[in-house]
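Architecture at a glance
Chain by chain, the residues:
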Amino acid sequence: MLEQLQIDNLALIDHLEISFTAGMNVLSGETGAGKSILIKALDLLLGEKAGADLLRQGAEEGQVTALFSLPGPAGQMPALQPFGGAPDGQL
């Protein structure tokens, strides 16, 4: 589960941290409020390539980070073994 999303210097966002809780989380707002930027940030986390046009005007670099909680014995998940696992259940 996605627990936290942090975005720096992406499109119109200078710095943003969002925490998500278990259950349903809803993103709503008027046109131009930035909902699509949040979705773009998730795309970047999943491996989509970023172009320089995504950077906030005047910024030299941008960053998107996330914290995921993993179900079950996360340290034993085969996909995470090359990276040392995730013994605390978070990635």
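Residues numbered from 1 in each chain as written. Predicted model: local features only at pLDDT ≥ 70, side-chain atom pairs only at ≥ 80, totals over all residues. Heavy atoms only, no water.

1. Some words on the sheet that holds strand 3 (residues 63-68)
In space, the three strands of this open sheet follow the order 2-1-3, with antiparallel pairing throughout. The outermost strands of the open sheet, each flanked by one partner alone, are strand 2 (13-19) and strand 3. Adjacent strand axes in the sheet meet at a mean angle of 5° when their direction is disregarded. As defined by bridge partners, strand 1 (residues 2-10) adjoins strand 3 across six bridges and the pair is classed as antiparallel. By the bridge assignment for strand 3, Ile 7 is matched with Val 64. (Pairing = 2+ DSSP bridges. Helix = DSSP H or I, 4+ residues; strand = E, 2+ residues; numbered from the N terminus. Axes fitted to C-alpha atoms, helices over the stretch in contact; angles between N-to-C directions.)

2. Regarding the pairing of strand 2
Pairing between strand 1 and strand 2: six bridges, direction antiparallel. Across the sheet, the residue bridging to Gln 4 is Ser 19, located in strand 2.

3. Quick notes on unusual backbone geometry
For residues besides glycine, phi is generally negative; the peptide bonds are generally trans as well. One non-glycine residue, Asn 9, adopts positive backbone phi at about 55°. Tracing the backbone shows Asn 9 in strand 1. In this model, Ala 11 sits at a positive phi of 55°, which is unusual for a non-glycine residue. Within the element layout of this structure, Ala 11 appears in the loop between strand 1 and strand 2. Relative accessible area serves as the criterion here: at 28%, Ala 11 is assigned to the partly exposed category. (Buried < 20%, exposed > 50% of the residue type's maximum accessible area, 1.4 Å probe, protein only.)

4. What to know about the side chain of Asp 8
Examined against the element boundaries, Asp 8 turns out to sit in strand 1. Despite its burial, Asp 8 pairs with no opposite charge; the closest candidate is Arg 56, at 9.4 Å N-O. Among the polar contacts listed, one links the side chain of Asp 8 to the side chain of His 15, at a separation of 2.4 Å. Setting aside chain neighbours within four positions, we find Asp 8 in contact with Ile 13, Asp 14, His 15, Gly 62 and Gln 63. (Lys, Arg positive; Asp, Glu negative; His and termini not counted. Salt bridge = Lys/Arg side-chain N within 4 Å of Asp/Glu carboxyl O. Polar contact = N/O pair within 3.5 Å; in protein donor to acceptor, adjacent residues only side chain to side chain. Contact = heavy atoms within 4.5 Å.)

5. Points about the environment of Leu 45
By secondary structure assignment, the location of Leu 45 is in helix 1 (residues 35-45). As for Leu 45 and Thr 65, which are separated by 20 residues in sequence, their C-alpha atoms are 7.4 Å apart.

6. Describing a nonpolar patch on the surface
Taken together, the side chains of Leu 45, Leu 46 and Phe 68 present a nonpolar region at the surface, about 280 Å² in accessible area. Here Leu 46 is to be found in the loop between helix 1 and strand 3. (Patch = residues over 30% accessible without salt bridge, like charges linked within 9 Å, V, L, I, M, F, W, Y side chains within 5 Å. Areas by Shrake-Rupley, 256 points an atom, 1.4 Å probe, with all protein chains shown as cover.)

7. Structural notes on the nonpolar core
With 13 residues, the main nonpolar core has Leu 5, Ile 7, Leu 10 and Val 64 as its most contacted residues. For this core, the secondary structure elements donating two or more residues are strand 1, strand 2 and helix 1. (Core = buried A, V, L, I, M, F, W, Y, C linked by side-chain atoms within 4.5 Å.)

8. Details of the pattern of salt bridges
Applying the stated criterion across every chain, the model contains one salt bridge. Note that Lys 40 and Glu 48 form a salt bridge whose closest N and O atoms lie 2.1 Å from each other.

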